[in-house]
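Working through the structure, step by step
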Amino acid sequence: MLGTDFRTGSPNWIDLGSPDTEAAAAFYGAVFGWQFVSAGPGAGGYGFFQKDGKTVGAVGPLSEEGAKSAWTTYFQSDDIQATARDVVAGGGAVRAEPMDVMGEGWMGQFTDPQGAQFAVWQPAKTKGLEKASEDNTLLWVELHVGDPEAAIRFYAGLFGWRSQEMQAPGMTYRVLSIKDGDQQEGSFGGVAPLQGEGEETRWVPYFAVADADVIVTKVQENGGSVLMPAADVPEVGRIAWLVDPGQAVFAVLKPNPRQG
């Protein structure tokens, strides 16, 4: 499962672009108990979500014209310039050219050929998230896309990801793993086909929770809404899809105990 021993292709950072970072910090503080810590006066309003003093995500103001509030997943690259070239060669687009972030690492933002936005982090002083796969931290990332097989080919060209098909209710689900090591131990996310009219192509973060139903209630009490009510998924756990007050989508999962 997703951890903090990051290797090529691992999800190693997530951040939220928000129209109101103070409101976002208050919302996620109420829902997950996170504390907001500013990255400093030179960071343009960017800051970190922390649990027990360890970074579990980040939030910043929307910077692109016309951008909608959304969570962005970052994947590890050992050569971000080469990754940027591979994105373009594979039919994707560069939204923000790779840049040095104050010596902490290199960041670039991209769009895949089917329109899903993602980002890449090449670590320097900051390796990535400091907690994952425990309650109220990132557990899984999931790509919803019209052509899953084409998407897997694109990302395999960037990161060498492996995939394995499994049957889920009403669909073929593809579990993603980093290129090195045991495939099951290296799994970190999945690819699902779009369900129904109007579903957006996107990456969605899943946060582990002790009780999905309690989180759904907290979301509703703090100005968020429910996209998919809490439901049991066989062999996986209890899942809900949620929307924060800025309209960013995220999901929560109480894992089946047999899954970890």
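Our subject in this report is the structure included herewith. (Residues numbered from 1 in each chain as written. Predicted model: local features only at pLDDT ≥ 70, side-chain atom pairs only at ≥ 80, totals over all residues. Heavy atoms only, no water.)

The next point concerns the nonpolar core. In this structure, Phe32, Trp71, Phe118, Tyr155, Trp203 and Phe250 are the most contacted members of the largest nonpolar core, which totals 59 residues. Excluding residues that lie within four positions of it along the chain, Phe32 makes contacts with Asn136, Phe207, Val209, Ile215, Phe250 and Val252. One finds Val175, Trp241, Ala251 and Leu253 within the second-largest nonpolar core, a separate group that totals 15 residues. (Core = buried A, V, L, I, M, F, W, Y, C linked by side-chain atoms within 4.5 Å. Buried < 20%, exposed > 50% of the residue type's maximum accessible area, 1.4 Å probe, protein only. Contact = heavy atoms within 4.5 Å.)

Relative to the helices and strands, Asn222 is located in the loop between α4 (212-221) and β14 (225-233). Between the C-alpha atom of Asn222 and that of Asp79, which follows or precedes it by 143 residues, the distance is 41 Å. A polar contact of 2.7 Å, which involves the side chain of Asn222, links it to the backbone oxygen of Lys218. (Helix = DSSP H or I, 4+ residues; strand = E, 2+ residues; numbered from the N terminus. Polar contact = N/O pair within 3.5 Å; in protein donor to acceptor, adjacent residues only side chain to side chain.)

The next point concerns unusual backbone geometry. With a phi angle near 70°, Glu235 is a residue other than glycine that sits in the positive phi range. Here Gln247, not a glycine, exhibits a phi torsion of approximately 80°, which is positive. Inspection of the secondary structure assignment puts Gln247 in the loop between β15 (237-243) and β16 (249-255).

Moving on, we get to the pattern of salt bridges. The tally for this structure, following the rule as stated, stands at 9 salt bridges. With a closest N to O distance of 2.9 Å, Lys51 and Glu134 form a salt bridge. Here Lys51, found in strand β3 (residues 47-51), pairs with Glu134, found in the loop between β8 (117-123) and β9 (138-145); they are 83 residues apart in sequence, far enough to count as distant. Where Glu200 meets Lys68, a salt bridge forms, and the shortest distance between an N and an O atom there is 3.1 Å. With Glu200 in the loop between β12 (187-193) and β13 (202-208) and Lys68 in the loop between β4 (54-61) and β5 (70-76), this residue pair connects regions lying 132 residues apart in the sequence. Taking relative accessible area as the criterion, Glu200 reaches 38% and is therefore assigned partly exposed. When its relative accessible area of 59% is taken as the criterion, Lys68 is described as exposed. (Salt bridge = Lys/Arg side-chain N within 4 Å of Asp/Glu carboxyl O.)

As summarised here, the arrangement of the 8 strands in space is β10-β11-β12-β9-β13-β16-β15-β14, forming an open sheet in which the pairing is mixed. Each edge of the open sheet is held by one strand with a lone partner, namely β10 (162-168) and β14. Between one strand axis and the next, the sheet turns through 25° on average, direction left out of account. Bridging between β13 and β16 involves 3 bridges; their strand directions are parallel. Across the sheet, the residue bridging to Ala208 is Leu253, located in β16. (Pairing = 2+ DSSP bridges. Axes fitted to C-alpha atoms, helices over the stretch in contact; angles between N-to-C directions.)

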